[in-house]
Amino acid sequence: MKLTLKIWRQSGPNDKGRMETYPIDGIEEDMSFLEMIDVLNLQLVREGKDPIAFDHDCREGICGMCSMFINGEAHGPGRGITTCQLHMRRFKDGDTIFIEPWRSGSFPVIKDLVVDRGAFDRIQAAGGFVSVNTNGNLVDGNALPIAKDHADTAFDAATCIGCGACVATCPNGSAMLFVAAKVSQLSLLPQGRPEAKQRALAMVEQMDKEGFGNCSNTGACEVECPKEISLEHIARMNREYMAAAMTKE
Amino acid sequence: MTQLDSKVPDGPLEQKWTKHKNSIRVVNPANKRRIDVIVVGTGLAGASAAASLAELGYNVKTFCFQDSPRRAHSIAAQGGINAAKNYQNDNDSTYRLFYDTIKGGDYRAREGNVYRLAEVSANIIDQCVAQGVPFARDYGGLLDNRSFGGVLVSRTFYARGQTGQQLLLGAYSALMRQVGTGKVQQFSRHEMLDVVIVDGKARGIIARDLITGRIERHGAHAVLLCTGGYGNVFFLSTNAMGSNVTAAWKAHKRGAFMANPCYTQIHPTCIPVSGDHQSKLTLMSESLRNDGRIWVPKKKEDAEAVRAGTKKGVDIPEEDRDYYLERRYPSFGNLVPRDVASRAAKERCDAGFGVNKTGEAVYLDFSSAIERYGRTEASVRKIEDPSTEEIIRLGRDVVSAKYGNLFDMYANIAGENPYERPMKIYPAVHYTMGGLWVDYNLQTTVPGLYALGEANFSDHGANRLGASALMQGLADGYFVIPYTIGDHLAADIRTGPIDTERQEFSDAERAVRERIDKLIEVQGSTPVDVFHKRLGKVMWDKCGMARNAEGLQQAIQEIRQIREEFWKDVRVTGTANAFNQELEKAGRVADFLELGELMCKDALERQESCGGHFREEYQTEDGEALRNDTDFTYAAAWEWTGDPGGSNLHKEDLDYQFVKPTQRSYK
């Protein structure tokens, strides 16, 4: 396959940045999208040019590190996959492909396609946990039966990989799906109930502090989420948040 | 020769850990506030250790090279985590988990450590449940189990095919809670490039801020390396792209012995290589072997036709299929340990029965499972005389509920529907049992320097059983290090903060800067990845699933050659004081180029076959690994002497007091 790549280049946070064009040849259908970028980078390094900086690690769709906006879609065409799981068989010879970083004021660009998603860690630190210390004498894991449907729904929410596709996709740059996934997971489980109110308030407060936008129910996040996390979790978070805000001391 | 003291207490197995805990020192809560601990790596071992130590009151700094601690490669573990809960009433026990692990490790692990691992395994499940980890549950609301290779009980807890993710996110949430309280300072996009030794003790690290390129000094009273394994020395592995040996290797060069580096786990069920562009390999969870049956065609002409594309696997009739694991190992069948399953696949493919273009693939087939589940489901739903299509449809739903995400992953990568056609799989590098030598306290040969999780060598011997890596990482982090580190730190309650202006820090920092400059100054013509691929090929061909003396000797020469060319001709673009991914890779590959030689040397020295280490010269008549317990019942701990070829061997004799080593049989 012969392709034309239009890639966002930005040397650092203070650089204005621009799209640059790279023709590329010899791309095979079995290659993953990131392997195609590897091929380009190998070529650039041989020419003594600066290779494209991009985040990636596990390359099997679970670490959440890869983050490319491809042809106007977070993680490119296809549903339920990350950029690293996107294969070149989805493109055809002669295609022009546009590749940009996640764009959100809360995810500043570090270089080229690499952005800073530290805001997600700070939201997590604000309340995305059950306050339990490592304990040598806990009750048995089976002492607290959890209904299978609750456990399964909690699991669905817990599959969030924190990649930020929801933010990049949202016209408002909202992080509601990310935050809701954690709030919802823990509020569905009895272990998470005791501090459910506190958690919802603290995580939402931190989310707002980080400058993420509000949710206006466009649902784009759910469509682009590589783990297909449902909007219903946002509804659950809103319920938790409302209840917490109304009964706040 | 340094005396290697394992510090395993004597006495009965089941009392060792209790006895040890009772005899080691404890730091009082007020003094813990005066003590700093550095944790490098934030996977299961690192995150659980950091959170637990911070909860105890220590001041903790954590470092990871990824953009968030949640991305560590533990996240990719699929199948599950073992624990001796005996929830299934199938005669499981602490002893049985201990015994299975020792046997699975081909009698090359330390009894005391392994028993402790089994002992704390049940606590891990309780801890994770308390954190809100959504383990799979049955309709009664209780925790569900599945089976893994090399065992006869069902003791694996799981969260669909994403157990590692759920456990890591649990540990990460505990870690972030401590970040929130200020007890942990987290440094993302930071890479440790050296450990600093002061008066013989580990007192800090030199790290590079990967965004700015700034070299930083961090002091502490103890340093924990939780930096995972070194499978990427093979270039192609199931490890994440960034997984590397650098932290462990720098520690090795500062005096920490490297133990059993040749013990590599080749996982039997991975998606086969599709071409030269391949950057990594993807694992298909071992849990698939619960229901999938592995086979190749019985007739060579069928295999040839499949490779030529003129025949499909589904067209080969039942009687012409060779379910070689069931044939060779009737008692364990498809659930033999990983090393055995991998070698058996290689044996069939080498003999000409492989089933993809390259001839290096075997089938993993779910058709009988789909039928079996379909029948059960039809009977549950009271469907009388169900048609074949109906049975298959019902069966597919059951299989999808169990393994759906794995099937999707396969379909996406291989471009084939695994519900309709058998999957093609082949072994790939997955885990390294070798690692930094540690004693019972998880302390390396450098006082104050600890290694946890895959980074150490301690619990899996020559072969790790499935679902035991998660168990070990969390055991080390939650339940071992919080106790054992006190014994070392009790001496530091009056030490005060470590002064990073000391000469030792300046020297280490200078060495780090010089090495970075040297990498950039080569200004050769060949990209880093090219050297990495060359090294990987040598390692895979000559120090992979099967090794022999001649090949290993050649490999050593070839690695030296690649190393020499690397330092003459590598091209690292960009500068040291900026975000520079080529520079990051170059530093890691330079370390792999030294480690690779040590692995070959270790493999050459071990003149026996055991677990993942298969020396062709040492096998039984029917091709099974042939151990030599008289001469090799030891852990090989290598001491750095200045060049990778000249390392000194120290032996820790493994004294089997409770289990009698026998020829491993899964027949």
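From a predicted model like this one, the values you see are computed outputs, not experimental measurements.

A.B. asks: Can you walk me through the domain arrangement of chain B in this structure?
C.D. replies: A common way to state how big an interface is: give the accessible area lost once the parts meet. Residue and element names in this part refer to chain B. By domain assignment, chain B separates into domain 1 (269-428) and domain 2 (502-642). Domain 1 and domain 2 are separated by 34 Å when their C-alpha centres are compared. Taken over both partners, the interface formed by domain 1 and domain 2 buries close to 770 Å², and the fraction arising from carbon and sulfur atoms is 55%. Connecting domain 1 to domain 2 are one salt bridge. R328 is the partner of E624 in a salt bridge, and the nearest nitrogen-oxygen pair spans 3.1 Å. In this structure, the connection of domain 1 to domain 2 is made through four residue pairs in polar contact (both at pLDDT 80 or more). Breaking the side of domain 1 that touches domain 2 down by element, the ones donating at least two residues are α10 (338-353) and β15 (423-432). Tallying contributions element by element places α10 first for the side of domain 1 that touches domain 2, with four residues. Partitioned by chemical class, the residues of the side of domain 1 that touches domain 2 number four nonpolar, one polar and five charged.

A.B. asks: So what exactly am I meant to see when it comes to the domain arrangement of chain A here?
C.D. replies: All names here are of chain A. Domain parsing of chain A yields domain 1 (3-110) and domain 2 (117-246). Taking only C-alpha atoms, the centre of domain 1 and the centre of domain 2 are 29 Å apart. With 22 residues of domain 1 at the interface, the matching set in domain 2 holds 20 residues. Of the roughly 1,500 Å² buried between domain 1 and domain 2 on both sides combined, carbon and sulfur atoms contribute 55%. Together, R79, S106 and F107 form the three largest contributors to the area buried by domain 1 at its contact with domain 2, with a combined 34%. For the pair domain 1 and domain 2, the interface holds two salt bridges. The shortest N-O distance in the salt bridge between R117 and D55 comes to 3.5 Å. In this assembly, domain 1 and domain 2 are joined by six residue pairs in polar contact (both at pLDDT 80 or more). Considered class by class, the residues forming the side of domain 1 that touches domain 2 number nine nonpolar, nine polar and four charged.

A.B. asks: Just to check I follow, could you spell out unusual backbone geometry for this structure?
C.D. replies: Residues other than glycine predominantly adopt negative phi, and peptide bonds predominantly adopt the trans conformation. All names here are of chain B. A positive phi is found at R160, a non-glycine position, where the angle reads about 40 degrees. The residue R160 is located in the loop between β4 (156-157) and α6 (163-181) in this model. The exposure class assigned to R160 is partly exposed, which follows from its relative accessible area of 30%. Positive phi values are uncommon outside glycine, yet A467 reaches one of about 70 degrees. One can find A467 in the loop between β17 (449-451) and α13 (469-489).

A.B. asks: For this particular structure, what's the right way to read the interface of chain A and chain B?
C.D. replies: Residue-level contacts link 72 residues of chain A with 74 residues of chain B. Buried area between chain A and chain B, both sides added, is near 6,100 Å², and the carbon and sulfur share of it is 51%. Across the contact surface, chain A and chain B share five salt bridges. Its salt-bridge partner being B:R160, residue A:D156 comes within 3.1 Å of it at the nearest N-O pair. The interface formed by chain A and chain B includes 40 residue pairs in polar contact (both at pLDDT 80 or more). Top element by residues in the side of chain A that touches chain B is helix α3 (residues 148-158) of chain A. It accounts for seven residues. A class-by-class count of the residues in the side of chain A that touches chain B yields 35 nonpolar, 18 polar and 19 charged.

A.B. asks: Would you mind showing me how to read the packing of helix α5 (residues 176-188) of chain A against helix α6 (residues 196-209) of chain A here?
C.D. replies: In a packed pair of helices, the relevant descriptors are the angle between the two axes and the axis-to-axis distance. Residue and element names in this part refer to chain A. At their nearest, the axes of α5 and α6 sit 10 Å apart, and the two run at 170 degrees to each other. The angle between the axes of α5 and α6 places the two elements in the roughly antiparallel class. In this structure, the crossing between α5 and α6 has a hand that is right-handed. Across from M176, V179, K182, V183, L186 and S187 in α5, the residues of α6 making contact are R199, A200, M203 and M207. Grouping the constituent residues of the contact of α5 with α6 by class yields seven nonpolar, one polar and two charged.

A.B. asks: Is there a simple way to explain the environment of B:F332 in this structure?
C.D. replies: Residue and element names in this part refer to chain B. Within the element layout of this structure, F332 appears in the loop between α9 (324-328) and α10. With a relative accessible area of 11%, F332 lands in the buried category. Sequence separation between F332 and P69 is 263 residues, and the spatial gap between their C-alpha atoms is 38 Å. Once residues within four sequence positions are removed from consideration, F332 is found in contact with K103, G150, V151, L152 and Y666.

A.B. asks: So what exactly am I meant to see when it comes to the sheet that holds strand β16 (residues 435-436) of chain B here?
C.D. replies: Residue and element names in this part refer to chain B. Pairing is antiparallel in the open sheet, where four strands are placed in the order β16-β10-β20-β21. Looking along the sheet, the strands with just one partner apiece sit at the ends: β16 and β21 (648-653). Bridge count for strand β20 (residues 634-639) against β21 is six bridges, and the pairing is antiparallel. In the strand pairing of β21, A635 is matched with E652.

A.B. asks: What's the story with helix α2 (residues 118-127) of chain A in this structure? I'm lost.
C.D. replies: Side chains of residues three or four places apart in an α-helix project in the same direction, reflecting 3.6 residues per turn. In terms of burial, α2(A) is a largely internal element, eight of the ten residues being buried. When we look at burial in α2(A), the residues that qualify are A:G118, A:A119, A:F120, A:D121, A:I123, A:Q124, A:A125 and A:G127. Against α4 (165-169), α5 and α6 of chain A together with α6 of chain B lie the buried residues of α2(A).

A.B. asks: Explanation requested: helix α14 (residues 503-521) of chain B in the structure shown.
C.D. replies: All names here are of chain B. The end-to-end C-alpha separation of α14 is 26 Å, in line with the 27 Å expected for 19 residues at 1.5 Å each. Inspection of α14 places F505, A508, E509, V512, R515, I516, L519 and I520 among the buried residues, and these make up the whole buried set. Projected onto a plane normal to the axis of α14, the buried residues spread over an arc of 135 degrees and lie on a single side. Seen from the buried face of α14, the exposed residues on the opposite side, beyond 90 degrees, are Q503 and E521. Taken from the residues just after α14, Q523 is the one with a positive phi, measuring 50 degrees.

A.B. asks: Quick question: what am I supposed to make of the pattern of salt bridges here?
C.D. replies: Should their charged atoms come close, side chains of opposite charge can pair. The full count for this structure, using the stated rule, is 80 salt bridges over all chains. Its salt-bridge partner being A:R9, residue A:D112 comes within 3.1 Å of it at the nearest N-O pair. Placement of A:D112 in the loop between β6 (109-111) and β7 (114-115) and of A:R9 in strand β1 (residues 3-9) is noted, with a sequence separation of 103 residues between them. A salt bridge links A:E47 to A:K49, with the shortest nitrogen-to-oxygen separation between them at 3.1 Å. Salt bridges linked by common partners bring B:D106, B:R108, B:D339, B:R343, B:R606, B:E608, B:R627, B:D629 and B:R664 together as one network.

A.B. asks: What should I look at first to understand the nonpolar core in this one?
C.D. replies: Generally speaking, nonpolar side chains in soluble globular proteins are found buried as a group. One finds B:I81, B:F135, B:L224 and B:I485 to be the most contacted residues of the largest nonpolar core, which totals 231 residues. Per-element tally for this core: the top contributor is helix α17 (residues 581-605) of chain B, with twelve residues. Beyond its immediate sequence surroundings of up to four residues, B:I81 is in contact with B:I124, B:I125, B:F135, B:R155, B:T156, B:F157, B:T163, B:L167, B:A467, B:L470, B:M471 and B:L474. Grouped together as the second largest cluster of nonpolar side chains are 27 residues, A:M31, A:M36, A:C84 and A:F91 included.

A.B. asks: Whenever I open this one, the sheet that holds strand β13 (residues 321-322) of chain B confuses me. Can you help?
C.D. replies: Pairing between the strands of a sheet comes from backbone hydrogen bonds, and it takes one of two forms, parallel or antiparallel. Residues and elements named next belong to chain B. One open sheet accounts for five strands, arranged β11-β15-β14-β12-β13; its pairing is antiparallel. What marks the edges here is a single partner per strand, and that holds for β11 (264-270) and β13. Taken together, the three bridges between strand β14 (residues 362-365) and β15 define a ladder with antiparallel strand orientation. Residue pairing in the sheet places Y363 in a bridge with K424 of β15.

A.B. asks: Looking at this structure, I do not really get the pairing of β20(B). What am I missing?
C.D. replies: Working note: regular strand, side chains alternate between the two faces of the sheet. Residues and elements named next belong to chain B. Most of β20 is tucked away: five of the six residues are buried. Sheet analysis places strand β10 (residues 258-259) next to β20, joined by two bridges and oriented antiparallel. Looking across to β20, one finds that A259 is bridged to A637.

A.B. asks: Please clarify how the packing of aromatic side chains should be interpreted in this entry.
C.D. replies: For any pair of aromatic rings, the description rests on two quantities: the centre-to-centre distance and the angle between the ring planes. This model, assessed by the stated rule, comprises 28 aromatic pairs over all chains. The interplanar angle of 40 degrees and the centroid separation of 5.8 Å between the aromatic rings of A:F33 and A:F91 together place this pair among those described as tilted. Here the residue A:F33 occupies a position in helix α1 (residues 33-46), and A:F91 occupies one in the loop between β4 (73-74) and β5 (96-100), the gap between them amounting to 58 residues. A residue is classified by how much of its surface remains accessible, and A:F91, at 8% relative accessible area, is buried. With 5.9 Å between their ring centres and 75 degrees between their planes, B:W17 and B:Y483 make a pair best called edge-to-face. Of the two residues, B:W17 sits in helix α1 (residues 13-23) while B:Y483 sits in helix α13, which places them 466 residues apart along the sequence. Given the relative accessible area of 36%, B:Y483 is considered partly exposed. Put simply, the rings of A:F107, A:F120, A:F178 and A:F212 touch in pairs and so form one group of aromatic residues. Positioned over the ring face of B:Y139 is A:K148, at 5.4 Å from the centre of the ring. Above the face of the B:Y158 ring, B:R146 is positioned so that its terminal group lies 3.7 Å from the ring centre.

Calculation notes
Residues numbered from 1 in each chain as written. Chains lettered and ligands numbered in written order. Predicted model: local features only at pLDDT ≥ 70, side-chain atom pairs only at ≥ 80, totals over all residues. Heavy atoms only, no water. Domains from an automatic or database assignment. Buried area = accessible area lost by both parts, 1.4 Å probe. Salt bridge = Lys/Arg side-chain N within 4 Å of Asp/Glu carboxyl O. Polar contact = N/O pair within 3.5 Å; in protein donor to acceptor, adjacent residues only side chain to side chain. Helix = DSSP H or I, 4+ residues; strand = E, 2+ residues; numbered from the N terminus. Nonpolar A, V, L, I, M, F, W, Y, C, P; charged D, E, K, R; others polar. Contact = heavy atoms within 4.5 Å. Buried < 20%, exposed > 50% of the residue type's maximum accessible area, 1.4 Å probe, protein only. Axes fitted to C-alpha atoms, helices over the stretch in contact; angles between N-to-C directions. Parallel < 35°, antiparallel > 145°, perpendicular 65-115°, else oblique. Left-handed = near helix turned anticlockwise from the far one by under 90°. Pairing = 2+ DSSP bridges. Expected span 1.5 Å × (residues − 1). Arc of directions from axis to C-beta. Core = buried A, V, L, I, M, F, W, Y, C linked by side-chain atoms within 4.5 Å. Phe/Tyr/Trp six-rings, centres within 6.5 Å; stacked < 30°, edge-to-face > 60°. Lys NZ or Arg CZ within 6 Å of the ring centre and 35° of its normal.

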